[in-house]
Every structure is written in C-alpha cells, then in structure tokens.
Amino acid sequence: MTGTTTGAVSGTAPGTGTGAGKRRRRPLLAGVLIAATLVLGAGLYWAQPWKLWQDSTVNEALPTASTTSAASAAPAPRTIAQGTLISHEHSTTGTAKLIKLPDGSRTLRLENLDTSSGPDLRVWLTDAPVKEGSDGWFVFDDGKYVSLGKLKGNKGDQNYEIPADVNLADYSSVTIWCDRFNVSFGAAALQAG
C-alpha cells in the first residue's frame, strides 16, 4: 500500500512572497515622490515662471527741483543721452534716457517701458555694445557694468538714480538684466542727445 504524505506544499517561505516585496517598495516610492516634489518646488521657486504672466505698472514723474523762489530760475532737466530699447530674451520696447537734473544729480529714466516680468530683474548701465537677436543676450556681464537697482515694474515710466561717483563716459548702454539666468531681456545703446 502506498501512502500519501501530507504536509506543506512547496512554495515560498513566509515573508518572501509578492506581498513583502510590495511593502518594501512603498517606502522607496514614497521617498522618490517626496524628493521629486521637493526638487520641483525648489525649481519652480528659483525660476518663478508665473512672473511671465504678471504685469506691474509703475509710472513715476521725472524728479524736479525743489519748490523755492530760486527754483523758478533753475534750469530744466536735460537729456544727455538716450536710446531705444530692443528685444533680447523677451519682447521689450521703450526709451532709456540719461537725464541731468537741475541740482546736478543724474537719473536713468525708462519711458513707455513694456517688457516681461521675471525673477530678479535689474537695471544696468554697461559698456557692452547692444547687439540684435540672441547674439546680444549674454554680453552685458562680460565687461564693466553698474546696477541701478531692481526693475520697479515691467511697464511704465520709471526713474533710477545714478550714483554720483559713476563716470557716465564709461557706459554706452542700458540693459534690463535677469540676474537669475544671466540674460538680457532688452537693451538700448545710448547716444548723446
């Protein structure tokens, strides 16, 4: 008589089946998703692409002499150089003017400015030549430049004080410079006026 043996059916050992594999993959998948979310969030914060669709209009009057009896005899502000803004990385239009005010101070005035907004935009005086197209996008930080501060708004008429120690003869152009991506949004060659 032949007997039959009853016992454990051959298979996988306890804890080594597909269920255990799924349990080990869950923390790994969660870790990957968390890391990807953090990287994406940091990238979005750094690039700030939503600013391309946000407009900020700033309209400032040209600074004038103080209101005194002598002020009526004071000379009017005088444009000493100007240029038309051309597009680089983003469509940019308007006029840049270097203006000497009655008190002897100087200001850079952007008139009828219309450009895109972006992260960390600055207004620079530079010694770089203004070139059309993509050839001109990256040249402005190669030589001498002075930052006049953050762009106040991507549209409008704005004034940027030029420090007294800046020798205007050293600078031949203006750029709206994206410090975050090291690229010009637009620029103007300055011609004596």
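Residues numbered from 1 in each chain as written. Predicted model: local features only at pLDDT ≥ 70, side-chain atom pairs only at ≥ 80, totals over all residues. Heavy atoms only, no water.

Enquirer: Please explain the sheet that holds strand β4 (residues 93-100) as it appears in this structure.
Expert: Picture the strands of a sheet paired through backbone hydrogen bonds; they go either parallel or antiparallel. An order of β1-β8-β5-β4-β2-β11 is seen for the six strands of this open sheet, with the pairing classed as mixed. If you trace the sheet from one side to the other, it starts and ends with β1 (57-59) and β11 (191-192), each paired once. As defined by bridge partners, strand β2 (residues 78-84) adjoins β4 across six bridges and the pair is classed as antiparallel. Bridge assignment links T79 to a residue of β4, and that residue is I99. (Pairing = 2+ DSSP bridges. Helix = DSSP H or I, 4+ residues; strand = E, 2+ residues; numbered from the N terminus.)

Enquirer: Just to check I follow, could you spell out the nonpolar core for this structure?
Expert: Within soluble globular proteins, side chains that are nonpolar generally end up buried alongside one another. Counting residues in each nonpolar core, the largest one holds 25 residues, and the members touching the most others are L108 and L125. Going through the elements one at a time, β4, β5 (106-114), β6 (121-126), β7 (145-150), β8 (155-162), β9 (173-178) and β10 (183-189) are the ones with two or more residues in this core. Among the nonpolar cores identified, the runner-up in size contains six residues, and W124, A128, F140 and W177 belong to it. (Core = buried A, V, L, I, M, F, W, Y, C linked by side-chain atoms within 4.5 Å. Buried < 20%, exposed > 50% of the residue type's maximum accessible area, 1.4 Å probe, protein only.)

Enquirer: What's the story with the sheet that holds β7 in this structure? I'm lost.
Expert: Pairing is antiparallel across the open sheet formed by five strands, whose spatial order is β3-β10-β9-β6-β7. The outermost strands of the open sheet, each flanked by one partner alone, are β3 (86-87) and β7. Across four bridges, the pairing between β6 and β7 is antiparallel. Of the residues in β7, the one forming a bridge with T126 is Y145.

Enquirer: So what exactly am I meant to see when it comes to the pattern of salt bridges here?
Expert: Oppositely charged side chains are able to pair whenever their charged atoms sit close together. For the structure on display, the rule yields six salt bridges. Between K97 and E111 there is a salt bridge, with its nearest N and O atoms 3.1 Å apart. Within this pair, whereas K97 is found in strand β4, its partner E111 is found in strand β5, the two being separated by 14 residues in sequence. Via salt bridges that share partners, K97, R109 and E111 belong to a single interconnected network. (Salt bridge = Lys/Arg side-chain N within 4 Å of Asp/Glu carboxyl O.)

Enquirer: Would you mind going over the side chain of Q158 with me for this structure?
Expert: Turning to its location among the elements, Q158 is positioned in strand β8. Look at Q158 and you get buried, because its relative accessible area is 0%. Within polar-contact distance, the side chain of Q158 engages the backbone oxygen of K155 at 3.2 Å. One polar contact links Q158 to Y160, side chain to side chain, over a distance of 2.4 Å. Apart from residues lying up to four places away in sequence, Q158 is in contact with V58, E60, L108, R109, L110, L113, L151, K152 and G153. (Polar contact = N/O pair within 3.5 Å; in protein donor to acceptor, adjacent residues only side chain to side chain. Contact = heavy atoms within 4.5 Å.)

Enquirer: Can you help me understand the pairing of β10 in this one?
Expert: Within a regular strand, side chains alternate between the sheet's two faces. Among the seven residues that make up β10, six are buried, leaving the element largely enclosed by the rest of the structure. Of the pairings in the sheet, the one linking β3 to β10 comprises two bridges and is antiparallel in character. Bridged to S87 within β10 is G186. Between β9 and β10, which pair antiparallel and follow one another directly, the connecting turn spans four residues, one of which, N182, has a positive phi of 50°.

Enquirer: Sorry if this is basic, but what is going on with unusual backbone geometry here?
Expert: Excluding glycine, most residues fall at negative phi; most peptide bonds, likewise, are trans. Its identity is not glycine, yet N112 carries a phi of approximately 55°, on the positive side. Mapped onto the fold, N112 is located in strand β5. For N112, a relative accessible area of 58% corresponds to the exposed category.

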